Structures are given as structure tokens and as C-alpha cells.
Amino acid sequence: MQQPSSLSIIRTKRTTDGIEPVVKRMRTQVFCIYERSRLPSVRYPALVDIDLTNRRHVEILKSDLPRRSKSDPLLFAITPGDRTSLVQARILGGSFVVSKPVQVDEIERCLARLAPADEEPEPEIPSVHHSITRTAEALETAMGALRAGKPLDIEPMSETCRAIVAAMQEVGIGRWLEGVRIHHEGTFQHCLLVAGVASAFAAAAKMNPRDTIALCLGALLHDIGKAVVPKEILDKPDKLTPVEYAIVKRHPVEAHDFLRSKSLASEAVLRLVRDHHEFLDGSGYPAGLSGDAIDGLTRCLTVCDIYSALVEERSYRPPATTREALKVLFGLARDGKIDLAAVRMLALVVDG
Ligand SMILES: [Fe+2]
Ligand SMILES: [Fe+2]
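Report follows, based on the coordinates. Just so you know, the residues in each chain are numbered from 1, in the order the chain's sequence is written. Written order decides the labels, with chains lettered from A and ligands numbered from 1. For this predicted model, a pLDDT threshold of at least 70 governs which residues receive local features, and a threshold of 80 or more governs which side-chain atom pairs are given and counted, while totals over whole chains, interfaces and linings are taken from all residues.

To describe two helices that pack against each other, one gives the angle between their axes and the distance between the axes. Axis angles are defined between N-to-C directions and span 0 to 180 degrees, where every axis is a line fitted to C-alpha atoms and, for a helix, only to the segment in contact. A run of H or I in DSSP becomes a helix once it reaches four residues, and a run of E becomes a strand once it reaches two; helices and strands are each numbered from the N terminus. Between helix α6 (residues 154-171) and helix α8 (residues 186-204), the least distance of the axes is 9 Å, while the angle of their chain directions is 70 degrees. Taken as axis vectors, α6 and α8 run roughly perpendicular relative to one another. Across the interface between the two elements, Ile164, Val165, Met168 and Gln169 from α6 touch Ala195, Gly196, Ser199, Ala200 and Ala203 from α8. Under the convention adopted here, Pro, Cys and the residues Ala, Val, Leu, Ile, Met, Phe, Trp and Tyr are nonpolar, Asp, Glu, Lys and Arg are charged, and Gly plus all remaining residues are polar. Split by residue class, the contact of α6 with α8 holds six nonpolar, three polar and no charged. Roughly parallel here means an angle under 35 degrees, roughly antiparallel means over 145, roughly perpendicular means 65 to 115, and every remaining angle is called oblique. Contact between residues is assigned whenever the C-beta positions, reconstructed from backbone atoms, fall within 7 Å.

In C-alpha cells form, the structure reads like this:
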């Protein structure tokens, strides 16, 4: 890959202005320009011009970017209309997005809009990317503990859920979903999505703090039993054989039994994990519970779980749109399988 021509334009302009830029060639196919600005309010602006849809390049960028202060603006060069890259740039903490081909004037306009350094600094808020990373780490810990049969400290998990709830209030469900889809796949993507959707659901339903954290924690942990399901079965694009399906259907019990014996998870969380595949008409699993035997919080998780599964990226099918997913959910509610009130609440959450 050649160095983007935009960088040489900027280099020329800046050099004639007497500001010496440093073009840093990062590892494979990742380019970035750093400049030491003479503007008193702007110290080290950086322009990043990489393929933001390439997960590996993004990972390289994240590991290569030096620690930056809030007065060091991060600019991303984006092809106009490239929504995925736009979202990714925001997640990576971009101060501004400029259009490709990059114009020096546009960069200067962006930098001029920055507040002077001596203004009151904004309070630091955790980025959605940070929250997603932290949640993924918590999930990895839980699945690792289940695989190894080791105890799981539930308090850090609850703390993570409090951070998810806060992040959701700050950025909304849309950015959470986009961020998770870009960085994760498979069971990880699914659990992170369900945790986000469940948190937004709890906020919309004005649940009390205890139920909110229980629902979010149940969502985060509901499928950790899949840690012991062979990957070939989990990733199989074709229809599962009866034997394979029976193995997959053990995951609620695997997770429940692990959490009951190896953690201090509450009864509410244990129920959520064990019963999230139960249907109101008794056709679900593992116990075939029906009606009132399925508690209200679990009904909410089931709806969030099915919605998330439908809108996820899968290798063998495109993700459903919000409208398509809601249509499926209302159909299941009409058939008496899931809670209609919970579906209506979810529709408010995801449909704005
Ligand atoms: Fe599940
Ligand atoms: Fe699930």
C-alpha cells in the first residue's frame, strides 16, 4: 500500500508554514501523521488515514497510538458516505472527521474550533469503546472460570454492569451495537449485544437499580455455558443434528450450575441464566416451564436475547434490520411464546 497522497499535501503545506510534521509509518499498512502545532490551544494534532473497516488495522492503530491528552486532537480521514468508518472513528475517540481527499483548509477549520487549553476541562467520561472492552474482559473471565471450574468473583461483574448502564445513558444503544459488531464476533458479540440491549431496556422500563444490575448481569452471563460447547457446533452454518442440538441446549444448565456452585450470583441472576430459553407456552427448554413459572425479569431477558440474535452478524446470513427483528418478536408474542409487554418495551428502546 502506498502512503496516502493526502499526507504529502499536508506535509508540503505545513513545511512551508514552518511547522515540521512527522509522518509516522506504523506497522503494516497503517499510516498516521503527527504534528507539533504552534497554536497555543492545540498541542499535538494527529491525522489518521487508515482503513477503519479493517479490524486488524484498527487493532494496530489502537496499540500504536501514544497516550494522548484531551488537548491533542485526533482527526480521521474518511471517504464521504462511509458510515462504518465514521462510527469507528467516533468509537476510537476522534475529535473530528475530515473528508478524503484531505484538504488542509478543512483541517485548519477543525483545529480552530477547539477550545483554548485554559478553558474549564470537560469531565472525563468513559468512552463506549472502553466500556465494551471492559465488558468483553469480564465475559472472558467468566467463560474461562467456567471452563476451568474455578470460582468466579461476581462483584467485578456487577461493577462492569454498572459501567454498561452508565455508558448506555451516555451514548445510547445505537453506538453500543455498532461498537460491539465491529470488534467482536460469535458468542462474545452476542453476549455483549444482549448486555447492552438489556441495560437500555432496564432504563426505558425504569427498573430499580437492583433489577437493572440483575438483568444486565444475567444478560452478560446468560450464554457462558457455551464455553464448553465445541466450536464446530457453535459455528456450524448448517442445521444442527439432534445430538448437536441437545449439546447446545445444555448451555443454560451448564451456566446455572457453575454460577450456583462457584459464585455468589443472586437467585435472580441464576434464574435469568437458567430460564432464558423458556417460552410462555411451555415449548422452551431446558425445563419446559410455562406461564407464571417464568418470572418477569426473565421474560425481558428472553426478548432482548432473541432481538440481539436476530440483528447480529452471522457468516451465513445478513443481520436483520430493527424492523424485521421486531416483526419476528411480535409474531412470537402473538403465538403466546414471549411476553407482549416486554416486546412493546423493547420496540420503544430500539426503534426510538
Ligand atoms: Fe442462550
Ligand atoms: Fe443468547
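After that view of the structure, there is still more to cover.
Attention shifts here to the nonpolar core. Note on terminology: a nonpolar core is a set of buried residues of type Ala, Val, Leu, Ile, Met, Phe, Trp, Tyr or Cys, with members joined through C-beta atoms within 7 Å. Whether a residue is buried, exposed or partly exposed is read from the other C-beta atoms within 10 Å of its own C-beta, which are placed from the backbone; 20 or more gives buried, 12 or fewer gives exposed, and intermediate counts give partly exposed. Ala198, Cys216, Leu220 and Cys304 are the most contacted members of the largest nonpolar core, which totals 66 residues. The element that contributes the greatest number of residues to this core is α8, accounting for ten residues. Contacts of Cys216, omitting those with residues within four sequence positions, involve Cys161, Ile164, Val165, Ala195, Ala198, Ser199 and Ala202. In terms of nonpolar packing, the next biggest core, distinct from the first, is built from 15 residues, Leu61, Leu75, Phe76 and Ala77 among them.

The next thing to look at is the pairing of strand β5 (residues 96-99). For two strands to be treated as a pair, DSSP must find no fewer than two bridges joining them. As defined by bridge partners, strand β4 (residues 74-78) adjoins β5 across four bridges and the pair is classed as parallel. Bridging from a neighbouring strand, Phe76 pairs with Val97 of β5. A crossover links β4 with its parallel partner β5, the connecting element being helix α3 (residues 83-91), and its sense is right-handed. If you view a crossover with the strands going away from you and the path from the first strand over the helix to the second runs clockwise, you call it right-handed.

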